[in-house]
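Given next are the chains, with one letter for each unit.
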Amino acid sequence: MASSTLPARVGVLGGGRMGAGIAHAFLINGCDVLVVERDQGAADAATERIARSVKASNERGLLDSPVDEVLERLTLSLEQQDFSDRELVVEAVPEIWDLKVSSLKNIESVLPADAVLASNTSSLSIDGLAEQLSSPERFLGLHFFNPVPASTLIEVVVGKRSDADLVSRAQEWTTALGKTPVVVNDAPGFASSRLGLAIALEAMRMVDEGVASAEDIDNAMVLGYKHPTGPLRTTDIVGLDVRLGIAEYLESTLGERFAPPQILRDKVARGELGRKSGRGFFDWD
């Protein structure tokens, strides 16, 4: 059974690393979860990704039900129309403005009138996205962190037209998922992406200038400031292409201090995207 504070039926658009993690969080807390993907190959990969994550949670003693019972609550689909019975849908597609807008508008068109729509965007304007919707009052940001199963934080991003009761419910959902809500008003990069990127960009510049190696810079932050991982290893986990996109957006909205350093552009151009490609600032073989 889902927690009384959680929606019983949850949808997730996109079953990549983030979408699968979001699905995992709701699944292991008793929700019925529907994940919609673009094609059968992506749906199969998402199913395997989520199943692997649920089994790992079971091995750590984090499940109250057998793995098979948890996975019985998971459905994969190729049709966004299937969101029509969901109480909450979280969009988790790549950080591309036009893709976000079209995805959110398509979901909204099939959702029940009292359902909630959320975006997992890590930097794009919630107010800007809300302007594209018919019911902006039932929309807000739910920024989960990678990797979702291990993270204990969700950034609840409040738009100017987000209903106050919805914000309170989102905080309750976050707590019911075993995570801590941080509530921020909509602003470029919110709180987490803006601060995290600022540190990461400076770390990249230090590597580029030969100040220290990537490993030593990360060790300085892990050992000296108790960061769980350093800014460059975190960049590899997030994806260098993702960080580049966020940096370009923040440069356009907040100014030159967020300009991506050349080392980041060069690595992305070479396909060195971090953990997902096998190499970024570190080797991930």
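All values reported here derive from a predicted model rather than from experimental measurement.

**Student:** Would you mind going over the layout of surface pockets with me for this structure?
**Tutor:** The gaps of empty space that remain are located by a probe, the size of a water molecule, rolled over the atoms. By volume, the second largest pocket amounts to about 330 Å³. If you trace the second largest pocket, you find 18 residues lining it, with R17, R49, S53, P147 and P149 closest to the centre. Those elements that provide at least two residues to the lining of the second largest pocket are helix 1 (17-27) and helix 2 (40-59). Looking at the lining of the second largest pocket element by element, the count peaks at seven residues for helix 2. Grouping the constituent residues of the lining of the second largest pocket by class yields seven nonpolar, five polar and six charged.

**Student:** How do you make sense of the domain arrangement of the chain when you look at a structure like this?
**Tutor:** Put simply, an interface is often sized by how much accessible area is lost when its parts join up. What the domain assignment lists for the chain is domain 1 (9-185) and domain 2 (191-275). Distance from the C-alpha centre of domain 1 to the C-alpha centre of domain 2: 26 Å. Listed as interface residues are 10 residues of domain 1 and, on the opposing side, eight residues of domain 2. Both faces combined, the contact of domain 1 with domain 2 buries some 740 Å², and carbon together with sulfur accounts for 51% of it. Across the contact surface, domain 1 and domain 2 share zero salt bridges.

**Student:** Hey, could you run me through the packing of aromatic side chains in this one?
**Tutor:** Aromatic ring pairs are defined here through the distance separating the ring centres and the angle between the ring planes. Under the definition given, this model contains one aromatic pair. Sitting above the plane of the F281 ring, K267 keeps its charged end 5.2 Å from the centroid.

**Student:** Hey, could you run me through a negative patch on the surface in this one?
**Tutor:** Taken together, the side chains of E137, D163, D165 and E172 make up a negatively charged region of the molecular surface. With respect to the helices and strands, the residue E137 is situated in the loop between helix 5 (126-130) and strand 6 (139-144). What makes E137 partly exposed here is its relative accessible area of 38%.

Rules used in this analysis
- Residues numbered from 1 in each chain as written.
- Predicted model: local features only at pLDDT ≥ 70, side-chain atom pairs only at ≥ 80, totals over all residues.
- Heavy atoms only, no water.
- 1 Å grid on protein atoms, 1.4 Å probe; cavity = no way out; pocket = protein on both sides within 12 Å on 5 of 7 lines; lining within 4 Å.
- Points joined across faces, edges and corners; volume = space filled by probe spheres on them.
- Helix = DSSP H or I, 4+ residues; strand = E, 2+ residues; numbered from the N terminus.
- Nonpolar A, V, L, I, M, F, W, Y, C, P; charged D, E, K, R; others polar.
- Domains from an automatic or database assignment.
- Contact = heavy atoms within 4.5 Å.
- Buried area = accessible area lost by both parts, 1.4 Å probe.
- Salt bridge = Lys/Arg side-chain N within 4 Å of Asp/Glu carboxyl O.
- Phe/Tyr/Trp six-rings, centres within 6.5 Å; stacked < 30°, edge-to-face > 60°.
- Lys NZ or Arg CZ within 6 Å of the ring centre and 35° of its normal.
- Patch = residues over 30% accessible without salt bridge, like charges linked within 9 Å, V, L, I, M, F, W, Y side chains within 5 Å.
- Areas by Shrake-Rupley, 256 points an atom, 1.4 Å probe, with all protein chains shown as cover.
- Lys, Arg positive; Asp, Glu negative; His and termini not counted.
- Charge placed at Lys NZ, Arg CZ, Asp CG, Glu CD.
- Buried < 20%, exposed > 50% of the residue type's maximum accessible area, 1.4 Å probe, protein only.

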